[in-house]
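# Observations on the three-dimensional arrangement
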Amino acid sequence: MNADFVLLNGRVATMDAAGTEVAALAAYGGRIVALGSSEAMRAHVGAGTRLLDAEGRRVIPGIVDSHAHPDAYAVRLRTWTLVSPDRVTSREALLATIRAVCRGLPPGRWGAFYRLNERASGGYPTLDELDAAGCGRPVFILRTDGHLGLANRAAFAACGIPPDAPDPPFGAFDRDPATGAFTGLVRETAAHIFLNAVHAADSEADIAEGMEMVQDECLRHGITSVANSLTPIRAIRAYQQMRRDGRWRMRMGIIASGRDEPLIPHLIGAGIRSGFGDEWLRLIGVEWCPDCSTSGRTAAYWEPYVGTPVPGEPVPNTGMLLYDKDDLTARATAAHRAGLQVMIEGVGDRGIDFALDVMEAALAAHPVADHRMRVEHCCYVTPPILERLKRGGFVDSSATGFMDELGEAYVANRGQAAMRHMWPHRSLIAAGIPAPGHSDFAVCRVNPFTAIAAMVTRRSQTGADLDAAEAVTPMQALAAYTRLGAWAQREEHEKGSLEVGKLADLAVLDTDILACDPAAIRQTQVVATVVGGVLRHQA
């Protein structure tokens with residue numbers, strides 16, 4: 001039988017357990033049927049075989065980004081304005097961008113902006129500045145972490161929030177310490193009020209249309225599988241319609257959102273378990289987000305934040321948690337008992353301890369040996385936490401994307417000494433704790449190679465020192481984005497390595513990330529991306 005796809009003349013890192021490297025592979029029906037030399041694979045070539053000549057380049061399994069937010073990114077690509085530091089480098093430029101966008105909006109239409117990093121863009125604008133730039137329109141700016149935002153007075157009015165409004169549970173409207181007036185900065189559940197208002201008009205069609213752009217961007221960066229963190233009902237419906245319409249060019253995992261009530265109780269009631277779906281669209285698990293943002297100074301730590309407080313934040317500030325522990329324990333236990341893989345976000349050490357308390361209680365109520373419960377982001381892993389992770393068999397689902405883009409803020413807000421235990425992948429590997437890496441896009445950029453570089457160099461994009469004692473090898477970093485990413489969502493039998501029987505998902509790179517100067521990894525470009533033996537991107 002002839003193969004329908006053959007790759008030749010590559011340096012293929014299969015990422016199998018033996019570390020095998022080959023020159024070529026053949027696939028049929030979307031799955032690998034043979035690996036070996038180019039000469040041997042030519043025997044599988046027939047009249048209808050699609051050929052891809054790697055021309056001696058490095059070939060890797062398709063990247064598995066095990067935690068991102070493609071549904072939100074899809075909408076923002078269509079209707080929001082990007083204000084990341086590569087677009088906006090000063091407060092004046094930010095305000096000019098807001099003014100230009102809002103002048104073109106009809107009265108009452110929201111001006112929505114995302115990925116603001118105030119540390120690289122001149123600080124937070126004042127409420128008066130936002131009012132002037134908004135030209136009478138409601139304005140909301142989502143900080144890059146997705147946990148904080150800025151709103152002008154028209155936005156507060158549009159959401160029916162008077163100047164004397166109390167803080168919502170598990171959130172805050174920041175106020176000027178001297179006057180008690182709003183500063184415009186809103187935290188956690190307070191930010192959700194504005195997010196819900198902006199997203200109220202989003203449709204399933206909007207998500208599906210935006211996902212075409214998201215897929216294009218992922219495929220340009222060699223990403224063939226993404227797990228959608230905190231997937232709401234609307235996105236699940238959109239994704240199913242895309243599957244029926246044959247619009248998926250990459251693979252999507254659903255991590256159902258604990259915020260979107262009553263989604264998880266309905267999954268439990270319907271008897272739907274993790275793994276439901278197919279190779280294109282599959283339910284991975286369920287997730288709750290009790291912890292917050294280190295770069296935004298809201299993540300929960302045992303010790304207070306260092307550095308300059310933001311006006312209106314509590315002093316001393318140890319961050320906040322967004323759930324009652326007994327309540328979340330009951331929710332997680334019910335999901336775990338129903339066969340749903342449980343994932344709980346924990347960023348600071350207090351937040352991670354909270355997540356582990358909940359998951360340990362769920363396992364005590366319903367013991368399962370191979371549970372693969374995940375602490376999402378899991379940034380500040382102190383030695384006691386590392387021991388808890390190991391003892392309980394938990395997964396450190398590591399927000400390695402933060403290292404590159406937000407590392408400087410972590411140093412500023414937690415201190416240089418804390419970097420010894422921040423994303424400690426060398427220690428995690430030594431302890432045998434599985435730690436897949438992820439981008440968390442659109443909190444951070446889609447490109448996985450900047451994060452892989454940071455894992456190896458322990459330097460952020462600005463050169464911040466993240467402590468080289470926790471540096472890993474390029475092969476170990478790549479494993480976090482391939483083999484471990486697949487394993488963490490129970491898909492290791494289908495993806496994460498290039499082996500006979502597995503999906504023919506791969507990327508051809510212009511840089512040999514396993515042998516080059518580590519500093520060059522971040523500049524890596526993808527020459528070609530193949531999903532199921534079909535060429536989906538070619539530079």
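Residues numbered from 1 in each chain as written. Predicted model: local features only at pLDDT ≥ 70, side-chain atom pairs only at ≥ 80, totals over all residues. Heavy atoms only, no water.

### A few points about the nonpolar core
Judged by nonpolar contacts, the single largest core of 128 residues is most densely connected at Phe140, Phe194, Tyr239, Trp288, Leu389 and Tyr410. Per element, the largest residue contribution to this core is eight residues, and it comes from helix H11 (residues 349-365). Here Tyr239 is in contact with Pro70, Asp71, Ile207, Met211, Asn228, Thr231, Trp248, Met252, Ile254 and Leu281, once residues within four sequence places are set aside. Formed by 18 residues, the second largest nonpolar core is a distinct cluster that contains Leu94, Phe113, Leu185 and Val310. (Core = buried A, V, L, I, M, F, W, Y, C linked by side-chain atoms within 4.5 Å. Buried < 20%, exposed > 50% of the residue type's maximum accessible area, 1.4 Å probe, protein only. Helix = DSSP H or I, 4+ residues; strand = E, 2+ residues; numbered from the N terminus. Contact = heavy atoms within 4.5 Å.)

### Focus on unusual backbone geometry
Negative phi is the rule for most residues except glycine; trans is the rule for most peptide bonds. Cis geometry is adopted by the peptide bond preceding Pro316, which originates at Val315 and carries an omega value of -5 degrees. In this structure, Pro316 sits in the loop between strand E17 (281-288) and helix H10 (325-337). At the junction of Phe441 and Ala442, the peptide bond is cis and its omega measures out at 10 degrees in the coordinates. For Ala442, the location among the structural elements is in the loop between helix H14 (425-431) and helix H15 (448-457).

### Brief notes about the layout of surface pockets
Its boundaries defined by the atoms lining it, the largest pocket holds a volume of some 1200 Å³. What lines the largest pocket is a set of 45 residues, among which Leu195, Asn196, Leu230, Ser257 and Arg259 lie closest to the centre. Mapped by element, the contributors of at least two residues to the lining of the largest pocket are helix H2 (70-79), strand E10 (111-116), strand E11 (139-143), helix H6 (189-199), helix H7 (204-220), strand E15 (223-231), helix H8 (233-244) and H10. A total of five residues in the lining of the largest pocket trace back to one element, the largest contributor, which is H6. For the lining of the largest pocket, the residue count by class is 16 nonpolar, twelve polar and 17 charged. Residue assignment places the lining of the largest pocket across two domains, with domain 2 (72-200) and domain 3 (204-495) each supplying three or more. (1 Å grid on protein atoms, 1.4 Å probe; cavity = no way out; pocket = protein on both sides within 12 Å on 5 of 7 lines; lining within 4 Å. Points joined across faces, edges and corners; volume = space filled by probe spheres on them. Nonpolar A, V, L, I, M, F, W, Y, C, P; charged D, E, K, R; others polar. Domains from an automatic or database assignment.)

### A look at the domain arrangement of the protein
By a frequent convention, interface size equals the accessible area lost on bringing the separate parts together. Under the domain assignment, the protein is made up of domain 1 (1-61 + 497-538), domain 2 (72-200) and domain 3 (204-495). Taking only C-alpha atoms into account, the centre of domain 1 sits 45 Å from that of domain 2.

### Remarks on the pairing of strand E21 (residues 506-509)
Of the two faces of E21, the one lined by Leu506 and Val508 and the one lined by Ala507 and Leu509 are each fully buried. The pairing of strand E7 (residues 58-61) with E21 spans three bridges and is antiparallel. Looking at E21, one finds that Ile60 is bridged to Ala507. Direction of pairing for E21 relative to strand E22 (residues 526-531): antiparallel, over a ladder of four bridges. The partner of Val508 across the bridge, within E22, is Ala528. (Pairing = 2+ DSSP bridges.)

### Considerations on the sheet that holds strand E20 (residues 395-398)
Taken together, the seven strands give an open sheet; going across it, the order is E8-E15-E16-E17-E18-E19-E20, and neighbouring strands pair in parallel fashion. Every other strand in the sheet has two partners, leaving strand E8 (63-68) and E20 as the edge strands with one partner each. If you compare each strand with its neighbour and ignore which way they point, the axes differ by 25 degrees on average. (Axes fitted to C-alpha atoms, helices over the stretch in contact; angles between N-to-C directions.)

### Section: the packing of H10 against H11
Contact geometry of H10 with H11 gives a least axis separation of 9 Å together with a crossing angle of 45 degrees. Judged by the inter-axis angle, H10 sits oblique to H11. Crossing hand, H10 versus H11: right-handed. Where H10 abuts H11, its residues Lys325, Leu328, Thr329, Ala332, Thr333, His336 and Arg337 lie against Phe354, Asp357, Val358, Ala361, Ala362, Leu363 and Ala365. Partitioned by chemical class, the residues of the contact of H10 with H11 number eight nonpolar, three polar and three charged. (Parallel < 35°, antiparallel > 145°, perpendicular 65-115°, else oblique. Left-handed = near helix turned anticlockwise from the far one by under 90°.)

### Notes on the packing of aromatic side chains
On inspection of all chains with the given rule, the structure shows twelve aromatic pairs. An angle of 75 degrees between the planes, with centres 5.2 Å apart, marks the rings of Tyr239 and Trp248 as edge-to-face. Assessed through its relative accessible area of 5%, Trp248 is described here as buried. Note on Phe402 and Tyr410: the rings are 6.4 Å apart at their centroids and 40 degrees apart in plane angle, and the pair reads as tilted. (Phe/Tyr/Trp six-rings, centres within 6.5 Å; stacked < 30°, edge-to-face > 60°.)

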